[in-house]
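Residue-level structure breakdown
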Amino acid sequence: MTSLFEYAPALESRSIVDLRPSYGLFIDGEFTEGTGTPLKTLNPATEEVLAEVATGSDADVDRAVHAARRAFTRVWGPMRPADRGKYLFRIARLLQERAREFAVLESLDNGKPIRESRDVDVPLAAAHFFYHAGWADKLEHAGLGPAPRPLGVAGQVIPWNFPLMMLAWKIAPALATGNTVVLKPAETTPLTALLFAEVCQQADLPPGVVNIVTGAGETGRAVVAHPDVDKVAFTGSTEVGQSIARAVAGTGKRLTLELGGKAANIVFDDAPVDQAVEGIVRGIFFNQGHVCCAGSRLLVQESVHDEVVASLQRRIGTLRVGDPLDKNTDLGAINSAEQLARIRALSDVGEAEGAQRWQPEGDLPTRGYWFKPTVFTDVSPAHRIARDEVFGPVLSVLTFRTPDEAVAKANNTSYGLSAGVWSEKGSRILAITNKLRAGVVWANTFNEFDPTSPFGGYKQSGYGREGGRQGLAAYLRSATS
Amino acid sequence: MNADRLTVRKTYKLYLGGAFPRSESGRTYEVTDAKGHFLANAAWASRKDARDAVVAARAAFGKWSGATAYNRGQVLYRVAEVMEGRAAQFAEEVAAGEGLSATRARAAVDAAIDRWVWYAGWTDKLAAVLGSSNPVAGPYFGFSMPEPTGVVAVLAPQRSSLLGLVSVLGPVLAGGNTAVVISSKQCPLPAVTLGEVLATSDVPGGVVNLLTGDAAEIGPWLAEHADVDGIDLAGTSGPLAMELERSAAGTVKRVLRAAAEEPDWTADPGLARMTPFLETKSVWHPMGV
């Protein structure tokens, strides 16, 4: 389709980012060599190698945990809570000051559009530190029992879809509550975490309070399994979450898990179609659909199915897929070759099982990892594309006739992270919201996040919350909890 | 009382889906008092009984969790009223099973009834205490509220057969969950009597299912059951507790771990047994004209 509006490229300069050829581990306040075999991290939009990054071995993880324990016992635990808060305020401000640098680096390493890293990921990361900074000296007022105390050393493992934001969701509450941290970023997106390590140095954060150990699955396993870790926090796939819960069993370590999802986005016949279509697009194509709470199952009332799908396809035809650093870009690159293969495989299954695949016209870049925004219609609840988390820009459209059927279909999943409801009728929204078994429900909006709003799953989407007063509970103990 | 009168003994059965069946396995086991004297043959629940109980608990979840908090509070309070009327019977069973003096057994029963009243009063306060209004940075009305996790398997304490049982069951019910309980193996009789109380207290059938038998035998099936959402390991310890926690990981169950030793159930329980089986739902709605 020839676009009515031709855009000139509006490229964000990458010169603000000073990439080093290789990066070490950040342990005890300093960058040190890792003893594992280094990894290469790629720009998924071009397949160019961005940098070589150290892999933390068991011994490196052990050093990091020791540093974290020492910092917990000697410095961070005994520190005046107000001072802990001040360090977090400093970090929030430093993230804001260096926001552009973080945004460009995130888009380079992850492949997400600069518009999103600039307007969502980085501002929300700063907001999480700012929010939790204020909690540091108010914990006894949080309603989490008398005299709440930190747990000790938190081992945290995060995914590649929101590298900096997930880091903030993990580190900010841990530090505010007086814990110290060993964090393992995802194998394919370590760079903003390492830049964050520089922020910790600029903030004069005491050594050992935050330790960043890069690497792949083995490094993560070592963090989870380390006997001197008191608390494990993980965001990622349900499969890995299950293996972590198994590994933690019997150890007494506290555990929170934020896992996969297969959210229903329910559109009733009285919803304003144009707004709903914007919400559907935002729900599934935000961050290339690499979102655990993505609205990947569109449940549309039968009477408006054709109208909604036609309008949706028209809108998708205007989405721009391409260079993540172009400010016009709506969908960037798929994060890795492995993820692209998974998305392709599940989409092929969708077609093989009888669903109709639709993709817009247009070419994709020849280098890098790309997948067009995709809509499947004629999807039945038994199809794998209606059940399995694709974690890509692939929407499955199902229909319903009655509100009860919408709720039954929405809840017909082992996941329970999020859901959306679109209707002009307030009482219907509240009634449906009550019946959805999901940790976040967006009514007439989708994919909104805020540090004051607790986030996390029901069922096999995990347990524990991040954000809000409720999120503090994951990092505290008290006499009665 | 006529000394010559031959007493009518009770058959101790399971409480499952609002009815009192024997174990489908036909098995029973001998329950004795603390000195080893015969008290009764209790139903020895099987894996199939446990699965039937999960079906009943799931079927009851919608109505129980959907009831108003006020209604749930009244129903639970009613349980305490009926317990009070049965206090002497409970005291006799607790004294015999746990080997307590009549005075101490009665104190345990009184504490159990009071504990039940305490939890009954929580139903309509949880949302205010655990929920929140979320001042998000945008034109949205945001709020969070606690909701029950679903079907919870409760492996009741082994030693404290009534106060311990009430202390682990009350919090699960107050939050709006339904329960499958495996009683103390050695002292199961107060659990069966509690089932009779529940059956006559307007608690809908299936909300509580009480199985007498061996947690080590049935627990693993409940820990890995795909339609059980949470498990309280209070009545287990050591390798069994670890095995159950590991099995529960396969379906991402919420696990409330057992303390190293069975706690003093008379202590103030706080919220610690309610929050593990409560989810938080956050809702966003745009504001605009």
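Residues numbered from 1 in each chain as written. Chains lettered and ligands numbered in written order. Predicted model: local features only at pLDDT ≥ 70, side-chain atom pairs only at ≥ 80, totals over all residues. Heavy atoms only, no water.

**A word on the domain arrangement of chain A**
All names here are of chain A.
- By the assigned domains, chain A splits into domain 1 (22–259 + 459–477) and domain 2 (264–443).
- Of the residues lining the interface, 30 residues belong to domain 1; the matching set on domain 2 comes to 33 residues.
- Buried surface at the junction of domain 1 and domain 2, summed over both partners, amounts to about 2600 Å²; 55% is from carbon and sulfur atoms.
- Our enumeration of links across domain 1 and domain 2 arrives at one salt bridge.
- Measuring nitrogen to oxygen at the nearest pair gives 3.0 Å for the salt bridge that ties D330 to R115.
- Viewed at the interface, domain 2 and domain 1 are joined by 17 residue pairs in polar contact (both at pLDDT 80 or more).
- Of all the elements in the fold, those that place two or more residues in the side of domain 1 that touches domain 2 are helix 3 (99–110) and helix 4 (114–135).
- Grouping the amino acids of the side of domain 1 that touches domain 2 by side-chain chemistry returns 11 nonpolar, 10 polar and nine charged. (Domains from an automatic or database assignment. Contact = heavy atoms within 4.5 Å. Buried area = accessible area lost by both parts, 1.4 Å probe. Salt bridge = Lys/Arg side-chain N within 4 Å of Asp/Glu carboxyl O. Polar contact = N/O pair within 3.5 Å; in protein donor to acceptor, adjacent residues only side chain to side chain. Helix = DSSP H or I, 4+ residues; strand = E, 2+ residues; numbered from the N terminus. Nonpolar A, V, L, I, M, F, W, Y, C, P; charged D, E, K, R; others polar.)

**Here we look at the pairing of strand 10 (residues 278–286) of chain B**
Residue and element names in this part refer to chain B.
- Along strand 10, seven of the nine residues are buried, which leaves the element largely enclosed by surrounding structure.
- Across nine bridges, strand 4 (residues 140–148) lies against strand 10 in antiparallel orientation. Bridging across to strand 10, P148 finds its partner in L278. (Buried < 20%, exposed > 50% of the residue type's maximum accessible area, 1.4 Å probe, protein only. Pairing = 2+ DSSP bridges.)

**Here's the deal with helix 6 (residues 163–174) of chain B**
Residues and elements named next belong to chain B.
- End to end, helix 6 covers 16 Å across 12 residues, agreeing with the expected 16 Å (1.5 Å per residue, within 8%).
- For helix 6, the buried fraction is high: 12 of the 12 residues fall into the buried class.
- Along helix 6, the residues classified as buried are L163, G164, L165, V166, S167, V168, L169, G170, P171, V172, L173 and A174.
- Positive phi shows up at G176, right after helix 6, with a value of about 100°. (Expected span 1.5 Å × (residues − 1).)

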